[in-house]
Amino acid sequence: MQVLKIATAGSVDDGKSTLIGRLLYDTNSLPSDKLDAIRESSLRKGFDYLDFSLATDGLVAEREQGITIDVAHIYFSTPKRRFIIADAPGHVEFTRNMVTGASNAQVSIILIDARKGVVEQTFRHFYINSLLRIKNLMVVVNKMDLVGFDKQRFLDIKKAFETLAEKAGYQQQISYVPISALHGDNVATLSDKMPWYTGDTVLDLLESIQVDLTDINRQARFAVQHVIRPKTNEFHDFRGFAGKLTGAPLSVGDEITVLPSLNRSRIKEIRFYKDTFETANPGSSFVLSIEDEINISRGDMMVKSSELPIQGKQISAKVCWMDTQPLLVGKTFSLQHGVNRVMAKVDALESVYKTDFSAADTSQTHLNLNEIGQVRLKLSKPIFYDAYAENKFNGAFILIDNQSHFTSGVGLLD
Amino acid sequence: MQEFTANTQPTLDTISHRVLKENLLESEAIYIIREVYAQFDKPVLLFSGGKDSITLVRLAQKAFYPEKIPFPLLHIDTGHNFPETIAFRDKLVAETGAQLIVRYVENTIKQGKVSEEKGRYASRNRLQTQTLLDAIDEFKFDACIGGARRDEEKARAKERIFSVRNDFGQWDEKNQRPELFDMLNGMIDHGQNVRVFPISNWTELDVWHYIKLEKLEIPSIYFAHKRAVFERDGLIWSASPFVYKDDEEQVTHRVVRFRTVGDMSCTAAVLSDAQTIDEVIGEIELSNISERGARIDDKRSEAAMEKRKKEGYF
């Protein structure tokens, strides 16, 4: 069955956890023992309703404070599809969790409190979605029960968001749904309190969204993770390259170029365990053999000869900072691009972006936790990349601190 | 999973054209396992004999074939296993040609590092953490591949795919490394190790569907069988010398199966007639008790799993 990865984002009180809990409840994904625990806990807190937010708030600290502090993964399915939600917190200080959750998502849900409308937090969420170029967006206006299920209120919020959405600068699919997560209106069943709403429920939309795994530039990228040399009797001369294909399909007979050596060859075999195939689709892991003896090692990349990526030792990227230790000009990091690692020195911090889409700040000398900046890096060896906007899978990297080994930042290549 | 389907582009050889279609969960797990082997010096696969670790073994085979699995399997033997599981383990290891290392909780107790729990709920489940940490120390393992899934339990839902542990095996949930796109950062300090969860994104049903598709053999206790059991706290316990039982707790013979395979002292059975994989899948689809609902070790308190993970449990 097809898996849809969803990122959720929202402020603390938007009712994000309640929406997810409600989706689980309405799809019969909450097992009876979990439902019992929710009933018991809701009763103990004196609520006269079921507090579905308790279905997702995992850690002890969170349950005590009633907030979500890290990315949690939630699983549910309907007969049509399987869903994985990365539930990221909406606190001002936790941009890094939102970026993390959204980096693997095909759909993003932005929650807006009907009473408050589009707020600073909405700008930030939308900015991060745009930064990561998520194509499918669902704007869910929650707590409609608290504004009397007022149509005009919903339309005003929709209009305000549409104005914001014009700033994204790329093609998006946006749907707008007025809901009450607490009471289940328009979550899995259409609300009889909002007959003016003629669209689909949140669940219907999630079930029908189309996902395409080929990338915008439709170019195949195969990074070598490991060289397979079994040296057994049966496979005495076998030399294969294990990796995962992204971007577009590859077939036996395709002429390929190996990077960085720029040697050319043709694909001889596509093997996966005991079977061989003529074509492999993007997203699949397999072992590839080529016709010529070329020296290839981990981190090398195979591409079609007619579709070479950019080769660069000096790169420019939008970097989101995730470490309490700031990014400083002149500091050296390990840069991991896919499975390849090189050293990277920060050459310049050109500007720091404002998540409300206002003019970038060019005066800052370092990039702090949760800030996004335009950064230039000098690399010890060239990497073979695509612009993030063209190829998501080959257009991003992480920066690793050489002392703490923490994943300090993520970069999206220009 | 590999599917032999016609290519969508009509060509002359449409019928013979075989396309490897993406199975995102399998492909992701294989990618992760290969990254472990490439990024660490001494990885090991934690093998319990349960369905999740059996699935991991198949994924590891697929990741490296035609090479053999290039790292050992480690079984922490509580001494309270279901006997079926051990026989099964040895057979599987022989078939794959992988190296098996076994370390015993019994020895950790004899060394005086931990002592046997007492009372009605006595279990060796928690004690095995020390045996695991000792084995990591003994062999200098820097990455332990485990079959935990995020859908199993609330604290697991926040676990990273590469979960860094300190010298004491402890999980610091507030200071986890962000994981972006599919990039895995395995850089660690000397003395640290990483727990790796390649099937993080699978659900219980995904595992069962995979077992079916791959025709994997699994221990017989996953299927309905007659067993001497008694009831306590609404759960069905195995009657065994390893499980404490009050005199007034009545032993009966009932047809049951197990949804998870911990050791006998912490794994409760469920009433079931499911004798085939299809019947098990049908039963899980209908069932409304979560998988770990029959794990006695999680019932100790609402945050039982999180506490154990902070102590170094995997």
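As a reminder, the structure under discussion sits directly above these lines.
What you are looking at is a predicted structure, and each value in this text was computed from that prediction instead of being measured.

Enquirer: Got a minute to help me understand the overall build of chain A in this structure?
Expert: Helix and strand counts for chain A stand at seven helices and 23 strands. By the compact-globule yardstick of 22 Å for 414 residues, chain A fits well, its C-alpha radius of gyration being 24 Å. Dimensions along the principal axes, computed over C-alpha positions, put chain A at roughly 70 × 55 × 40 Å. Considering chain A as a whole, with its 414 residues, one finds that 60% of them fall into the buried category.

Enquirer: Would you explain the sheet that holds strand E10 (residues 252-257) of chain B in this entry?
Expert: By definition, the strands of a sheet pair up through backbone hydrogen bonds, in either a parallel or an antiparallel sense. All names here are of chain B. Spatial strand order, E9-E8-E10-E11: four strands in an open sheet with antiparallel pairing. If you trace the sheet from one side to the other, it starts and ends with strand E9 (235-238) and strand E11 (270-271), each paired once. With five bridges connecting them, strand E8 (residues 225-232) and E10 associate as antiparallel partners. In the strand pairing of E10, His225 is matched with Val256.

Enquirer: Got a minute to help me understand the pairing of E10(B) in this structure?
Expert: Within a regular strand, the side chains alternate between the two sheet faces. Judged from the two bridges that link them, E10(B) and E11(B) form a sheet pairing that is antiparallel. Pairing of Val256(B) across the sheet is with Leu271(B), part of E11(B).

Enquirer: Would you mind going over the interface of chain A and chain B with me for this structure?
Expert: Interfaces are often sized by the accessible area lost when the parts come together. At the junction of the two partners, chain A supplies 80 residues and chain B supplies 66 residues. Both sides of the chain A and chain B interface together cover about 6500 Å² of buried area, and 56% of this is carbon and sulfur. Between the two partners, chain A and chain B, sit four salt bridges. The closest approach of N and O atoms between Asp182(B) and Lys244(A), which form a salt bridge, is 2.9 Å. Between the two partners, chain A and chain B, sit 31 residue pairs in polar contact (both at pLDDT 80 or more).

Enquirer: Could you clarify how one ought to interpret helix H3 (residues 83-96) of chain B in this entry?
Expert: Think of an α-helix as turning once every 3.6 residues; residues three or four places apart then point the same way. Between its first and last C-alpha, H3(B) extends 21 Å over 14 residues, near the 20 Å set by a 1.5 Å rise per residue. Following H3(B) by one or two positions, Gly97(B) adopts a phi angle in the positive range, close to 75°.

Definitions and limits used
Residues numbered from 1 in each chain as written. Chains lettered and ligands numbered in written order. Predicted model: local features only at pLDDT ≥ 70, side-chain atom pairs only at ≥ 80, totals over all residues. Heavy atoms only, no water. Helix = DSSP H or I, 4+ residues; strand = E, 2+ residues; numbered from the N terminus. Rg over C-alpha atoms; globule rule 2.2 N^0.38 Å. Buried < 20%, exposed > 50% of the residue type's maximum accessible area, 1.4 Å probe, protein only. Pairing = 2+ DSSP bridges. Contact = heavy atoms within 4.5 Å. Buried area = accessible area lost by both parts, 1.4 Å probe. Salt bridge = Lys/Arg side-chain N within 4 Å of Asp/Glu carboxyl O. Polar contact = N/O pair within 3.5 Å; in protein donor to acceptor, adjacent residues only side chain to side chain. Expected span 1.5 Å × (residues − 1).

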